[in-house]
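Examination of the molecular architecture
Now for the letters of each chain:
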Amino acid sequence: MNTEETAPGKHFIRQIIERDVRSGKWSGRVVTRFPPEPNGYLHIGHAKSVCLNFGMAAEYGGTCHLRMDDTNPVKEELEYVEAIKEDVRWLGFDWGEHFHYASDYFEQMYKYAVELIRQGNAYVCALSSEEWKDYRGIPEKPGMESPHRNRPVDENLELFSMMRAGEFPDGAMVLRAKIDMGSPNLHMRDPVLYRILKAKHPHTDGVWCIYPTYDFAHCLEDSIEGITHSLCTLEFEVHRPLYDWILDKLGIHHPQQIEFARLNMTYTVMSKRKLINLINEGYVDGWDDPRLPTVRGMRRRGVTPASIRNFCERIGVTKYDSLTDTALLEHFIRDDLNRHATRALAVLNPVKLIIENYPEDEEEEFDAVNNPESPDAGTRKIPFGRELYIEREDFMEDPPKKYYRLAPGREVRLRYACLITCTGVKKDEVSGEIEKIYCRWDPDSRGGGAPDGRKVKGTIHWVSARHAGEADVRLYDRLFNVEEPGADNGEDYLTHINQDSLRTVKAKVEPSLMNAAAGSHIQFERLGYFYADHVNSKPGKPVFNRTATLRDQWAKKGQ
RNA sequence: UGCCGGAUGGUGUAACGGUAGCACAGCAGACUCUGAAUCUGUGAGUCUAGGUUCGAAUCCUAGUCCGGCAACCA
């Protein structure tokens, strides 16, 4: 069918699904789900799962549900629900009619629990969590059976209904599955199915005081929704026997749980705890800080949904842990933005340039290409005059051999404008800092072409001093200066914070930039990709966040 | 020290008993009104030891190393 040679190989989950579709298992249906717990914002690791679940469904003509896994009332908040929906939608996915809450199934789950009790496969246990530690035992040694393990069915039924009725305090009793206290898998040693939690649930609001645990709830949620392939991360592998056990005992629709490795990336942290800490301790400004790997953060930085999707496709899906180079994400960001970002001229670190042989009162306009990758984007006019700003880094008094920007006596091209030759500089008498650079232009090079075909190696960007606007530009860099800041699981990551992860500068920008639409992606030529911050940027007072720098061979040479 | 997973260039991955390939990163060059993009070339890999086989990254055995599991979290 697909003969594309460059297509990535089929990862193991794709293979399983394809095999199932072909064999007619589930009558060829594919139903997946993305089941976040609404107690935090989504990050790039979640995005991998979102892309996988929605991607597989789309690829095989199936559906993917978005489900709030809200089985723990004390940890969840409503504010996250809308944020999660917004993030998933922004990533480019649509759950159609299938937005669900696990808590909507509580009544059904309760009935399944009763069924398990009737079968003799679950019992009410009054051991405290402290006591249970001893009973459960350790991996190397079998546990002991609870003294309540053989409670008669009728008594269990009675007690369980009393639990529901709120007749016991928190923690007084739990419902346990009766499985095997000798199992080498701790999760099979009579795991808790229900606990008493007299807390107000944000979604069911006071109806319940007992709540199902993840292990009991999750397989039932999947079953009730008719999920076919339940994709989750590696740490749930040891839970799979329990997932299967519950569904088998109940004899209901039984999806296949498949585990894959979660995403790790260099120079960042992904754990919710660490992310919260960075915010609370003021290292960053909030969940949507552009330095964070959160979906909202990336969005504010100017990362596009397409680049995230492409990235997630390229990193593949495996069953072993890995550490993905942030450079790979950056590649897809540049790849997308190169094709779609409008070009503009902006000077981040300005120094005055004066064209001696250009009349003081004169000015003119030059045509500039909006996007060389997309001719349809057209051109625009940029004003030019005797006094300009250029980038301080684009001039050197005493340049090394391979430097082909401006220097005394050297000729360069002003992008889209003309050729100039440097005639001298004026420095501050005390500091020695260069205040002004002088040059002469070649009027025959109007528009930037070389009249006699002479080769001019360097082209630099500029902005007319008289017409320049001023804009706040935030230069973001990686948040940590080591590849694996979270390697040692303590608080060590805080010592690896990059103190220079944000620098704000006042940039001189071409006039068109002053009215940049909030939310637009722009390439500042020769500098990088920038994003008109949808939170802070206003017409007339733009604020740009640097999404990524352009690749820079000169910088790599170490200069 | 019990159980469950896993191991392919610097990084992410493919190959499903038949020439170890792709992408990123690196390096070199071409082109260029962005030191960008594009194009070309290039170095670099099957954890170890045995075995099966005409042939092993792939199958078997043993070992090494890595990850996960002892919440009434998910």
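Remember, predicted model here, so these are calculated numbers, not experimental data.

Turning to the overall build of chain A, a few remarks are in order. On a plain count of helices and strands, chain A comes out with 13 helices and 25 strands. Since a compact globule built from 559 residues should have a radius of gyration of about 24 Å, the 31 Å found for chain A marks it as more spread out than a globular shape. C-alpha atoms of chain A, sized along the principal axes, occupy 100 × 60 × 40 Å. Scored against the burial criterion, the 559 residues of chain A give a buried share of 53%. Surface exposure of chain A reaches about 25,700 Å², of which carbon and sulfur atoms provide 47%. Mean positive and mean negative side-chain charge positions of chain A (75 and 88 charges, respectively) differ by 3 Å.

The terminal C-alpha atoms of helix α12 (residues 326-340), which comprises 15 residues, lie 21 Å apart, in line with the 21 Å expected from a rise of 1.5 Å per residue. Where α12 is buried, its residues meet α10 (295-301), α11 (305-315), β10 (342-344), β23 (521-524), β24 (528-532) and β25 (543-549). The backbone nitrogen of alanine 327 has a side-chain oxygen 3.0 Å away, supplied by the residue at the start of α12, namely aspartate 325.

Here the focus is the nonpolar core. Across soluble globular proteins, nonpolar side chains show a tendency to be buried alongside one another. Counting residues in each nonpolar core, the largest one holds 51 residues, and the members touching the most others are Val88, Leu278 and Ile308. When contributions to this core are tallied by element, the ones reaching two or more residues are α2 (44-59), β2 (63-68), α3 (78-91), β3 (99-101), α9 (272-280), α10, α11 and α12. Of all the elements, α3 adds the most residues to this core, at seven residues. In this structure, this core is formed jointly by two domains, domain 1 (12-260) and domain 2 (272-342 + 472-558), each of which donates at least three residues. When residues no more than four places from it in sequence are discounted, the contact partners of isoleucine 308 are Ile44, Ala47, Trp90, Leu91, Met298 and Val303. Grouped together as the second largest cluster of nonpolar side chains are 41 residues, Ala113, Ile210, Phe216 and Leu220 included.

Time to look at the packing of helix α4 (residues 106-119) against helix α7 (residues 214-224). Put simply, α4 and α7 touch, their axes get as near as 11 Å, and they point 115° apart. Considering the angle they form, α4 stands roughly perpendicular to α7. In the crossing of α4 with α7, the sense of the turn from one axis to the other is right-handed. Counting all contacts with α4, which are made through Gln108, Met109, Tyr112, Ala113 and Leu116, the residues of α7 involved are Phe216, Ala217, Leu220, Glu221 and Ile224.

Here helix α6 (residues 153-164) spans 17 Å end to end across twelve residues, near enough to the 16 Å set by a 1.5 Å rise per residue. Listing the buried residues of α6 in full gives Asn156, Leu157, Leu159, Phe160, Met162 and Met163. Each element contacted by the buried residues of α6 is listed here: α4, β4 (122-125), β5 (174-177), β6 (192-196) and β7 (210-212). Phi turns positive, to about 80°, at glycine 166, one or two residues after α6.

This part takes up the protein's contact with RNA strand B. As a structural note, the neighbourhood of RNA strand B is formed by 69 residues, with Gln15, Arg136, Arg195, Gly447 and Gln523 the closest of them. A distance of 2.7 Å separates a base oxygen of RNA strand B from a polar atom in the side chain of arginine 343. Among the elements of the structure, α5 (129-136), β6, α11, α12 and α13 (553-556) are those that each provide at least two residues to the surface near RNA strand B. Take the surface near RNA strand B: its biggest share by element is four residues, from α12. Across the surface near RNA strand B, the residue classes tally to 21 nonpolar, 22 polar and 26 charged.

On to the pattern of salt bridges. Scanning the model with the defined rule gives 46 salt bridges in all. In this structure, aspartate 222 engages arginine 33 in a salt bridge whose closest nitrogen and oxygen atoms are separated by 3.7 Å. In this pair, aspartate 222 is assigned in helix α7 and arginine 33 in strand β1 (residues 31-34), connecting sequence segments 189 residues apart. The class of aspartate 222 is buried, set by a relative accessible area of 0%. On the accessibility criterion, arginine 33 (1% relative accessible area) is buried. Linking lysine 381 and aspartate 367 is a salt bridge whose minimum nitrogen-to-oxygen distance equals 2.9 Å. Taken together, the residues lysine 381 in strand β14 (residues 379-385) and aspartate 367 in strand β13 (residues 363-369) connect sequence positions 14 residues apart. By relative accessible area, lysine 381 is classed as partly exposed at 49%.

Judged by pairing direction, the sheet is mixed, and its seven strands sit side by side in the order β10-β23-β24-β25-β21-β22-β11 without closing on themselves. In the strand order of this sheet, the two ends are held by β10 and β11 (346-347), each with one partner. Strand direction decides the pairing type here: β11 and strand β22 (residues 502-509), joined by two bridges, are antiparallel. The residue bridging alanine 346 from the neighbouring strand is valine 509, located in β22.

Attention shifts here to unusual backbone geometry. Peptide bonds are trans in most cases, and residues, glycine excluded, mostly fall at negative phi. Its identity as a non-glycine residue notwithstanding, serine 27 has a phi of 50°, on the positive side. Among the structural elements, serine 27 can be located in the loop between α1 (12-23) and β1. Judged by its relative accessible area of 67%, serine 27 is exposed. Even without glycine at this site, tyrosine 416 takes up a positive phi of about 65°. Within the secondary structure layout, tyrosine 416 lies in the loop between β16 (411-414) and β17 (418-427).

The pairing of strand β21 (residues 469-476) with β22 spans eight bridges and is antiparallel. Paired with glycine 469 across the strands is valine 509, a residue of β22.

With parallel pairing, the three strands of this open sheet are ordered in space as β1-β2-β3. Of all the strands in the sheet, the pair left with one neighbour each is β1 and β3. Within this sheet the neighbouring strands show an average axis-to-axis angle of 35°, counted without direction. The pairing of β1 with β2 spans four bridges and is parallel. If you follow arginine 33 over to β2, its bridge partner there is histidine 65. Seen against the sheet, α2 touches β1 and β2 and runs at an angle of roughly 160° to β1.

Cut-offs and rules
- Residues numbered from 1 in each chain as written.
- Chains lettered and ligands numbered in written order.
- Predicted model: local features only at pLDDT ≥ 70, side-chain atom pairs only at ≥ 80, totals over all residues.
- Heavy atoms only, no water.
- Helix = DSSP H or I, 4+ residues; strand = E, 2+ residues; numbered from the N terminus.
- Rg over C-alpha atoms; globule rule 2.2 N^0.38 Å.
- Buried < 20%, exposed > 50% of the residue type's maximum accessible area, 1.4 Å probe, protein only.
- Areas by Shrake-Rupley, 256 points an atom, 1.4 Å probe, with all protein chains shown as cover.
- Lys, Arg positive; Asp, Glu negative; His and termini not counted.
- Charge placed at Lys NZ, Arg CZ, Asp CG, Glu CD.
- Expected span 1.5 Å × (residues − 1).
- Contact = heavy atoms within 4.5 Å.
- Polar contact = N/O pair within 3.5 Å; in protein donor to acceptor, adjacent residues only side chain to side chain.
- Core = buried A, V, L, I, M, F, W, Y, C linked by side-chain atoms within 4.5 Å.
- Domains from an automatic or database assignment.
- Axes fitted to C-alpha atoms, helices over the stretch in contact; angles between N-to-C directions.
- Parallel < 35°, antiparallel > 145°, perpendicular 65-115°, else oblique.
- Left-handed = near helix turned anticlockwise from the far one by under 90°.
- Near = heavy atom within 4 Å.
- Nonpolar A, V, L, I, M, F, W, Y, C, P; charged D, E, K, R; others polar.
- Salt bridge = Lys/Arg side-chain N within 4 Å of Asp/Glu carboxyl O.
- Pairing = 2+ DSSP bridges.

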